[in-house]
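# Fold and contact review
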4 protein chains.
Amino acid sequence: MSKIPVAIVGATGLAGQQFVAALAGHPELVITQLCASARSAGKRYGEALRDDRGALHWYCQEPLPDVIAAMPVVDAEALDPKGLGCIFTAIEAEPARVLEPRYAAETPVISTASAFRYDDDVPVFIPGVNHDHTRLIDVQRRNRGWRGFISPGPNCTTVGLALTLAPLHAAFGVRRVIMTSMQSCSGAGRSPGVVALDIIDNVVPFIPKEEDKVQIETRKILGALAGDRITPADFPVSCTCTRVPVLEGHTEAVFVELARPATVDAARAAMAGFGAELLAQGLPSAPRRLIAISDDPYRPQPRLDRDADGGMATTVGRLREDPALPNGLKYVLVSHNTKMGAAKGAVLTAEILMRKGYIGK
Amino acid sequence: MSKIPVAIVGATGLAGQQFVAALAGHPELVITQLCASARSAGKRYGEALRDDRGALHWYCQEPLPDVIAAMPVVDAEALDPKGLGCIFTAIEAEPARVLEPRYAAETPVISTASAFRYDDDVPVFIPGVNHDHTRLIDVQRRNRGWRGFISPGPNCTTVGLALTLAPLHAAFGVRRVIMTSMQSCSGAGRSPGVVALDIIDNVVPFIPKEEDKVQIETRKILGALAGDRITPADFPVSCTCTRVPVLEGHTEAVFVELARPATVDAARAAMAGFGAELLAQGLPSAPRRLIAISDDPYRPQPRLDRDADGGMATTVGRLREDPALPNGLKYVLVSHNTKMGAAKGAVLTAEILMRKGYIGK
Amino acid sequence: MSKIPVAIVGATGLAGQQFVAALAGHPELVITQLCASARSAGKRYGEALRDDRGALHWYCQEPLPDVIAAMPVVDAEALDPKGLGCIFTAIEAEPARVLEPRYAAETPVISTASAFRYDDDVPVFIPGVNHDHTRLIDVQRRNRGWRGFISPGPNCTTVGLALTLAPLHAAFGVRRVIMTSMQSCSGAGRSPGVVALDIIDNVVPFIPKEEDKVQIETRKILGALAGDRITPADFPVSCTCTRVPVLEGHTEAVFVELARPATVDAARAAMAGFGAELLAQGLPSAPRRLIAISDDPYRPQPRLDRDADGGMATTVGRLREDPALPNGLKYVLVSHNTKMGAAKGAVLTAEILMRKGYIGK
Amino acid sequence: MSKIPVAIVGATGLAGQQFVAALAGHPELVITQLCASARSAGKRYGEALRDDRGALHWYCQEPLPDVIAAMPVVDAEALDPKGLGCIFTAIEAEPARVLEPRYAAETPVISTASAFRYDDDVPVFIPGVNHDHTRLIDVQRRNRGWRGFISPGPNCTTVGLALTLAPLHAAFGVRRVIMTSMQSCSGAGRSPGVVALDIIDNVVPFIPKEEDKVQIETRKILGALAGDRITPADFPVSCTCTRVPVLEGHTEAVFVELARPATVDAARAAMAGFGAELLAQGLPSAPRRLIAISDDPYRPQPRLDRDADGGMATTVGRLREDPALPNGLKYVLVSHNTKMGAAKGAVLTAEILMRKGYIGK
């Protein structure tokens, strides 16, 4: 089988580089276009990442493949979406608002931007959680007259929360969610991202817009698609989002009120078995487990657990009864914000949409 | 007025050093005895802190006064409590269980240990919060036949929580409390305390026994003394306590359900005005404000706010409505765990008990 | 005596704020003008530091005085230097190249920029080290036809090195210097400064241009003024400058070859007594000691020693013989890069120049 | 070929665990005995690492193999060395002084302890550097009447230094070495190792005994074996060893005076080609390169480069002329202190000694 050609837009940025890493050597997808701003256009990718002292600003742990480094960078404005199976975008909300519809008129767009995340006809997928929202793509195409579509991923902080709530909601009904996040610095990118002077020996208790995003997205993702729209899940979510001196991996302390009583063992079982159907498909970017349960009281820890299953498994620990909420449970999770929470999660979404016939045929 | 002589037991440890710093130059109290284990006994205090390379293991920001450094260290086992106005103890729970009653038979003991914190006839004071529990000291004396008494301070993580809940409880009634802490490394002391390999680029989501302590103590401190015992406050408290790479200052994300609706402005006013009666007394170790309110969305931060009012003010920020709880409020607080949360807070408690006639006669 | 009016140019930046802190409450100097770019001009200083969420971007430990916050910000381009006793500039090299000569035509300019640091007729002062270079100001005025002059301070990394070499050079003759710095993040400022993702759990072994600056400046500062120019000190200096995860305070490991043998005790005595003449003047910003010697083998440490004497004393420790260099000595120093190494050091230089009649008449 | 049975002594400690990780799945060596103190003896290894809360204190990135976890722990005092091809010891100097000779009477001992490192008849190997010292093993056996021998590895800080000096010494002659290290926290182990309160936002400029070790070992390792003893290399070495807030990987800033002039290119070539003979043997634990050269001015960095070639390659960057030393060169290196610098380096040494017939016959 020949591979499906894809483009990465915003390829020189941190999130774009993560798409490069997530797609390098992919068995079904092949990068044929690397797009960035006009400033980088025309250079080879490897040169575009190099500063005038010769330092290579490549920020992934995985090495930059030579063949990718040698590819030319194309102006994102000039990208012709035709002939591409899919376009991965890693750009800010503002340019996304302009570029993504232009691409989507022709081709599926898998996006990390928030520009269209809250539109009624736009699904926000988390692998294993809400595949039943796929039909909203048809609505979107019909509404907008596009051959392609836009499928934005959720905010990285939403991913671990909604993913771990999903099995609880299915099994016991979620009634109320309170969450405090301790987010890593990579979530803020590098331009300038988190300044060392602000975070060493410190916690910053506010991340602009983050709490609203998580509160709204979680309910949308766990909502039910009825007719042409999603009814958000019928439980309130309250977050306090903070930044801590951690490089990668978001930690979240979650408190949940359930509709029906659940023992800790039953909750553990629901989480541990979650996503079996997805995992059975053996998709290239899928982890062995969507949720890894730890019984070590000191886990999960971002440094030790963020890379579980290549950064694609969310680790849950400290699962215990909550004394303050009816049918209450509480737990701590660690989710890799720039793997499952960003590019690699988006690639897994693309793989799912390929199986469902929305990409590549 | 001549100063009241006091002893510090456990004087060479980290918490004991903080008592030395908190009492150095005190206008009403004077350290006359420094006690430690038999190993240090007989040395001068300054020598007992020095290792065999000559390095001084003094860990407070304040300099070690020469006059204190020259004082002899006495074996804690051999301390004669008679003639002392008060004994400050900074020792582990196990030796506290033996030594503190022995001292309390004669003399008031202000303790940082948890050994007696949960006994029915033992009050746990937070300055400004529960002075009305003072009468429990009389009960304790009567029960135990002591001339002195034991007054342990709360766990350092309880202090900021109970202190900020107190004005809300008084004004609006607290119904439910959910809290996630991001605690500093100094809370674990130095023997060995938090090992760098465990906490750099990391969060550790568990601190043994901490959550139980905070959950129980908060309700005791905010409970009502009726007859000879305290009825714990009638609301559940649920905590997840974590450790973060911060040197000093505990950060807590608090979510509160109230009995009666409170606007953010009303809650802010209740907090900002809290403790006026105490503050009006002008006690030597009292801050200007018990609770400092910040309207900067990025505050409080432990590095920037822990030293507010000499580490004796708790800073509250991000005060806002909580969308997930009835009459819900949420906020973030920073409290200095080794100042207000430990020795300096204990000294302020002693000052209050002096005014009430329980110390110094 | 009425105070001398001064201006701060670049007042909204990190270094400019440090000038504000260093000059607030100064007994002899008073800030009458705060200048910044056109973008801030017209706003009150307190407003210019506030972002659109209301957060105050004031980065000094010292509080921002209300009276300063209320002052209007003036466009640096429009500053009229007349009537000012002195202008402190905290701007980048490029604008400095344009603005500083314009100001210096009328008024003394004390600068933190490197723009004129390497000009033959421009002295680079370190308090206590090279007051005898003051005469170069006369040369500069004559050469350039200015009523004022430009006096740039050295790079922050040079300060501790040249200051500690000065007494060794005077007493024993320096023959060769090898130095490795471990520099704090504040040295890079905040725009964007050091990004957290680059420095947590890391060392960055290169700081652009830093090594050349230190190597050249050290020899200039310790050079001899003969006729109208300085002959650089006749010893080679070799540096490797690195960045470490430290907030404030540069640490430097220094290896020195001397012309004449020096015992460790003799070297310690030379350093400890250094600057007595300057210190005897009792200048407002002067420390008690220029060099504080520590005999604790684990000192100096940046977190513990950077604030010695208000950040104006350089702490030297680990002074010992060097086995690899003839008449070799080695030691470690900590110098506060944004106090003595920047604004506060510049203010002390101004105080010295006031005493010598170069400022304020 | 059947595998050679080996024992690990001190198997439950941090360094011992690293031996477990380095030997798990080894193609030629198989762990048959895990030894520790009497306290752990009798437990299964996996249980011995577990605390009373059930947390597993396994500190390697590599997972603990189930088959190893199930092995019984033997009292190190009771270990019978007969029948073992080799014993790897990861214990403190004091017990090593007793146990290692007892084992060595029968069996080769590859040690990380310093107990015998400085004895005249004991070689200190760095792979690729001083295989010609192997003959000292024969001397040692003869002197001591042992069937086995003791082969201690160098201090972890010595490894990167001596390894990178070796090709320079061979090609150009080293005359003088000055080095400042910025060492990671893992070098201090975990009992208690570096306390977080000491190192966050800090540098500690002293590590007891470290400088002497590096200075002496470097000269021994690069010395010439003549007759029955090594003549230390005839150049002085001066170090300042510091601790920085880095988890793994030692960074060293090196300044070298050479006997003969070397261009930067010639030095780079000598380093890059170093160890070809060793590498050609294709030993299981050998890296692709002993020294990896980086031309990125910002490299090497410990976080980015410590894991080069599985932590077995030393990365050298910033190679440039030194202006202060005759025929001077300077560079920065990063070496993984707990891989090449400890257990995995010791295993590679064992592999070399197997090829030479000293182990396994």
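Figured I'd write up the structure that's included with this text. Note that this is a predicted model, so its numbers are computed, not measured. (Residues numbered from 1 in each chain as written. Chains lettered and ligands numbered in written order. Predicted model: local features only at pLDDT ≥ 70, side-chain atom pairs only at ≥ 80, totals over all residues. Heavy atoms only, no water.)

### With respect to the overall build of chain A
Of regular secondary structure, chain A possesses twelve helices and 14 strands. Radius of gyration (C-alpha) of chain A: 20 Å, near the 21 Å computed for a compact globule of 361 residues. Considering only C-alpha atoms, chain A reaches an extent of 60 × 50 × 35 Å along its principal axes. By the burial criterion, 65% of the 361 residues in chain A qualify as buried. Residue pairs in contact within chain A that sit at least 24 positions apart in sequence constitute 74% of those at least 6 positions apart. Carbon together with sulfur atoms contributes 49% to the accessible area of chain A, which is approximately 12,500 Å² in total. On chain A, the mean spot of the 39 positive side-chain charges and the mean spot of the 39 negative ones are 2 Å from each other. (Helix = DSSP H or I, 4+ residues; strand = E, 2+ residues; numbered from the N terminus. Rg over C-alpha atoms; globule rule 2.2 N^0.38 Å. Buried < 20%, exposed > 50% of the residue type's maximum accessible area, 1.4 Å probe, protein only. Contact = heavy atoms within 4.5 Å. Areas by Shrake-Rupley, 256 points an atom, 1.4 Å probe, with all protein chains shown as cover. Lys, Arg positive; Asp, Glu negative; His and termini not counted. Charge placed at Lys NZ, Arg CZ, Asp CG, Glu CD.)

### Topic: the packing of helix 1 (residues 14–23) of chain D against helix 12 (residues 343–355) of chain D
Residues and elements named next belong to chain D. Contact geometry for helix 1 and helix 12: axes closest at 8 Å, N-to-C directions at 50°. By the angle between their directions, the pair helix 1 and helix 12 is classed as oblique. Crossing geometry of helix 1 relative to helix 12 is assigned as right-handed. Listed contacts from helix 12 to A15, Q18, F19, A22 and L23 of helix 1 are A343, K344, A346 and V347. Along the lines of polarity and charge, the residues of the contact of helix 1 with helix 12 split into seven nonpolar, one polar and one charged. (Axes fitted to C-alpha atoms, helices over the stretch in contact; angles between N-to-C directions. Parallel < 35°, antiparallel > 145°, perpendicular 65-115°, else oblique. Left-handed = near helix turned anticlockwise from the far one by under 90°. Nonpolar A, V, L, I, M, F, W, Y, C, P; charged D, E, K, R; others polar.)

### Some remarks on the relation of the copies chain A and chain B
Superposing chain A onto chain B requires a rotation of 180° together with a translation of 0.0 Å along the rotation axis, leaving an RMSD of 0.0 Å. On the angle and the small slide along the axis, the relation comes out as a two-fold axis. Of all interface residues in chain A, 100% are interface residues in chain B too; the two copies therefore contact each other through one and the same surface. (Least-squares fit on C-alpha atoms with pLDDT ≥ 70 in both.)

### What to know about the interface of chain A and chain B
Contacts between chain A and chain B engage 52 residues on the former and 52 residues on the latter. Interface of chain A and chain B: buried area, both sides summed, is about 3,800 Å²; carbon and sulfur atoms make up 57% of it. Contact with chain B buries surface across chain A, with A:D201, A:P205 and A:R303 losing the most and accounting together for 17% of the total. One salt bridge connects A:R318 with B:E211, and the closest N-O pair in it is separated by 2.4 Å. Counting residues per element, the ones that place at least two in the side of chain A that touches chain B are strand 7 (174–183), helix 7 (196–199), helix 8 (210–221), strand 10 (237–243), strand 11 (250–258), helix 11 (302–305), strand 13 (314–321) and strand 14 (328–335) of chain A. In terms of residue class, the side of chain A that touches chain B is made up of 32 nonpolar, eight polar and twelve charged. (Buried area = accessible area lost by both parts, 1.4 Å probe. Salt bridge = Lys/Arg side-chain N within 4 Å of Asp/Glu carboxyl O.)

### Some remarks on the interface of chain B and chain C
If you look at the interface, chain B gives eleven residues, while chain C gives eleven residues. Contact with chain C buries surface across chain B, with B:R53, B:L247 and B:Y298 losing the most and accounting together for 35% of the total. Summed over the shared surface of chain B and chain C, the number is zero salt bridges. Looking at the side of chain B that touches chain C residue by residue, the classes come out as six nonpolar, no polar and five charged.

### Some words on the sheet that holds strand 4 (residues 86–89) of chain D
Residue and element names in this part refer to chain D. Taken in spatial order, the six strands of this open sheet run 3-2-1-4-5-6, and their pairing is parallel. For this open sheet the edge positions go to strand 3 (73–75) and strand 6 (149–152), each flanked by a neighbour on one side alone. Shown here is a sheet whose adjacent strand axes are inclined to one another by a mean of 30°, direction ignored. In the sheet, strand 4 pairs with strand 5 (residues 108–111) via three bridges, with the strands oriented parallel. Counterpart to I87 in the pairing with strand 5 is V109. (Pairing = 2+ DSSP bridges.)

### Here's the deal with the relation of the copies chain B and chain C
Take chain B, turn it by 180°, move it 0.0 Å along the axis, and it overlays chain C with an RMSD of 0.0 Å. Here 100% of the interface residues in chain B have copies in chain C that are interface residues too; the copies meet face to matching face.

### So, helix 4 (residues 93–104) of chain D
Residues and elements named next belong to chain D. Over its twelve residues, helix 4 extends 15 Å from the first C-alpha to the last, a length consistent with the 16 Å expected when each residue adds 1.5 Å. For helix 4, the full list of buried residues reads A96, L99, E100, P101, Y103 and A104. Elements that come into contact with the buried residues of helix 4 comprise strand 1 (4–9), strand 4, strand 5 and strand 6. (Expected span 1.5 Å × (residues − 1).)

### Digging into the pattern of salt bridges
Residues and elements named next belong to chain D. This model, assessed by the stated rule, comprises 76 salt bridges over all chains. For the salt bridge of E28 with R355, the shortest nitrogen-to-oxygen distance reads 3.0 Å. Of this pair, E28 sits in the loop between helix 1 and strand 2 (29–36) while R355 sits in helix 12, and the two are 327 residues apart along the sequence. In this structure, E257 engages R176 in a salt bridge whose closest nitrogen and oxygen atoms are separated by 2.8 Å.

### A look at the sheet that holds strand 7 (residues 174–183) of chain B
Residue and element names in this part refer to chain B. Spatially, the six strands line up as an open sheet ordered 10-7-11-14-13-12, and their pairing is mixed. Two strands bound the open sheet, and with one partner strand each, they are strand 10 (237–243) and strand 12 (291–293). Shown here is a sheet whose adjacent strand axes are inclined to one another by a mean of 25°, direction ignored. With three bridges joining them, strand 12 and strand 13 (residues 314–321) adopt parallel strand pairing. If you follow A292 over to strand 13, its bridge partner there is T315.

### What to know about the packing of aromatic side chains
In the structure shown here, the tally under the stated rule is twelve aromatic pairs over all chains. Ring geometry for A:F206 and B:Y298: centres 5.1 Å apart, planes at 70°, overall edge-to-face. Taken together, the residues span two chains, with A:F206 in the loop between helix 7 and helix 8 and B:Y298 in the loop between strand 12 and helix 11 (302–305). An angle of 35° between the planes, with centres 5.1 Å apart, marks the rings of B:F19 and B:F88 as tilted. You can see B:F19 sitting in helix 1 (residues 14–23) and its partner B:F88 sitting in strand 4 (residues 86–89), a full 69 residues away along the chain. A relative accessible area of 0% means that B:F88 is categorised as buried. We note A:R190 situated over the ring of A:Y59; from NZ or CZ to the ring centre the distance is 3.7 Å. (Phe/Tyr/Trp six-rings, centres within 6.5 Å; stacked < 30°, edge-to-face > 60°. Lys NZ or Arg CZ within 6 Å of the ring centre and 35° of its normal.)

### Things to note about the packing of helix 6 (residues 156–172) of chain A against helix 8 of chain A
All names here are of chain A. Between helix 6 and helix 8, whose axes approach to 9 Å, the crossing angle comes to 35°. In this structure, helix 6 meets helix 8 at a crossing whose hand is right-handed. Residue-level inspection shows C156, T157, T158, L161, A162 and L165 of helix 6 in contact with helix 8, the latter providing E210, K213, V214, E217, T218 and I221. Of the residues in the contact of helix 6 with helix 8, the class split is six nonpolar, three polar and three charged.

### Points about the pairing of strand 2 of chain D
Residues and elements named next belong to chain D. Pairing between strand 1 and strand 2: six bridges, direction parallel. The residue of strand 2 that forms the bridge with P5 is V30. Looking at chain direction, strand 2 and strand 3 are connected through three bridges and run parallel. Bridging from a neighbouring strand, C35 pairs with V74 of strand 3.

### Details of the pairing of strand 4 (residues 86–89) of chain A
Residues and elements named next belong to chain A. Across the two faces of strand 4 the burial is the same, with C86 and F88 and I87 and T89 all buried. When strand 1 (residues 4–9) meets strand 4, the two strands line up parallel, connected through four bridges. Within the sheet, the bridge partner assigned to V9 lies in strand 4 and is T89. Handedness of the strand 4-helix 4 (residues 93–104)-strand 5 (residues 108–111) crossover: right-handed. (Right-handed = clockwise from strand over helix to strand, strands pointing away.)

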